[in-house]
Amino acid sequence: MPELMVNIDHVATIRQARGTYFPDPVYAAGIAEMAGASGIIIHLREDRRHIKDRDLRILREVVRTKLNLEMAATDEMVKIAKEVVPDMITLVPEKREELTTEGGLDAVSLSRRLKKVVEQVGEKGIKVSLFIDPEERQVMAAKKIGADMIEIHTGSYSDALQEKARTQEYKKILEAAKKGKELGLGVNAGHGLHYHNVKPIASIPEIDELSIGHSIIARAVFVGLDRAIRDMLELIK
Ligand code: PXP
């Protein structure tokens, strides 16, 4: 059974809607850990639209499970990661205008830059995951770059409206997960997963961790964060 890593960015999104100090993502992390999450994920974006530097610093102090920092492969972010030392980072592509991360990293064409980042944060013992589309060439590139893990982008699977398209996307994820494991990489998956599409992904034996945010925080509005996380864990089991 894969472990559940909860992305709490959208707790900060609600806070920023009013530019005030609540709800505090730091509280969310505590509740998530108590509900059974195996780790906490935050994305510190260049524009700081939700998670702030202050959140990252405090979360580094209080998170007792595992802190995964999603970030772009920029000099600014590498410097922050080396100062704060999260347990792992996930490198993601980042565009200023996007609503959320769109598409995986092109590990093939960015290999030199990504390899450098892996080496830089590796000096601090930080593990690196690359958020990539489910394509064999991307998995192979991740291995070549020296990443510890991959996170397979499940967005196309999640967005597929027709059964046929969803099955096709599912097969790609399955193959990429197998390839990743074959190469000795840790294999995570995420993006767009929710209460009605998580089961087939959770049943892929090669997947170590699921990264889920929006659907959990959305359900938490109605049933509370503790219950929303426990419901998700039940489905993953
Ligand atoms: N993985 C990555 C790399 C992401 O950027 C995000 C969104 O922040 C997620 C997983 C979680 O996606 P969602 O919020 O759709 O569950």
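Just so it is clear, the structure is predicted and the values come from calculations on it, not from any experiment.

In the neighbourhood of the ligand, 15 residues make up the surrounding shell, with Thr101, Glu151, Gly192, Gly213 and His214 lying closest. In this structure, an oxygen atom belonging to the ligand sits 2.8 Å away from a main-chain N or O atom of Gly213. Protein burial of the ligand: of its 400 Å² of free accessible surface, 93% is covered by the chains. Here the ligand occupies the largest pocket. Its residues placed into classes, the shell around the ligand shows three nonpolar, nine polar and three charged.

For the structure on display, the rule yields two cavities of 30 Å³ or more. Of the volumes computed, that of the second largest cavity is approximately 30 Å³. Lining the second largest cavity we find Met5, Ile41, Asn68, Met88, Thr90, Glu151, Asn188, Glu209 and Ser211. Contributing elements (two or more residues each) for the lining of the second largest cavity: strand E4 (88-91) and strand E8 (209-212).

The nonpolar side chains of a soluble globular protein tend to be buried, and buried together. The biggest cluster of nonpolar side chains holds 71 residues, and the ones touching the most others in it are Ile89, Leu130, Ile201, Leu210 and Ile216. In terms of residue count, the dominant contributor to this core is helix H11 (residues 225-236) (six residues). Those residues in contact with Leu210, other than ones at most four positions away along the chain, are Pro2, Glu3, Leu4, Met5, Ala189, Leu193, Val198, Ile201, Ala202 and Ile236.

Here is what the cut-offs are and how they apply
Residues numbered from 1 in each chain as written. Predicted model: local features only at pLDDT ≥ 70, side-chain atom pairs only at ≥ 80, totals over all residues. Heavy atoms only, no water. Near = heavy atom within 4 Å. Polar contact = N/O pair within 3.5 Å; in protein donor to acceptor, adjacent residues only side chain to side chain. Areas by Shrake-Rupley, 256 points an atom, 1.4 Å probe, with all protein chains shown as cover. 1 Å grid on protein atoms, 1.4 Å probe; cavity = no way out; pocket = protein on both sides within 12 Å on 5 of 7 lines; lining within 4 Å. Sits in = over half its atoms within 2 Å of the grid points. Nonpolar A, V, L, I, M, F, W, Y, C, P; charged D, E, K, R; others polar. Points joined across faces, edges and corners; volume = space filled by probe spheres on them. Helix = DSSP H or I, 4+ residues; strand = E, 2+ residues; numbered from the N terminus. Core = buried A, V, L, I, M, F, W, Y, C linked by side-chain atoms within 4.5 Å. Buried < 20%, exposed > 50% of the residue type's maximum accessible area, 1.4 Å probe, protein only. Contact = heavy atoms within 4.5 Å.

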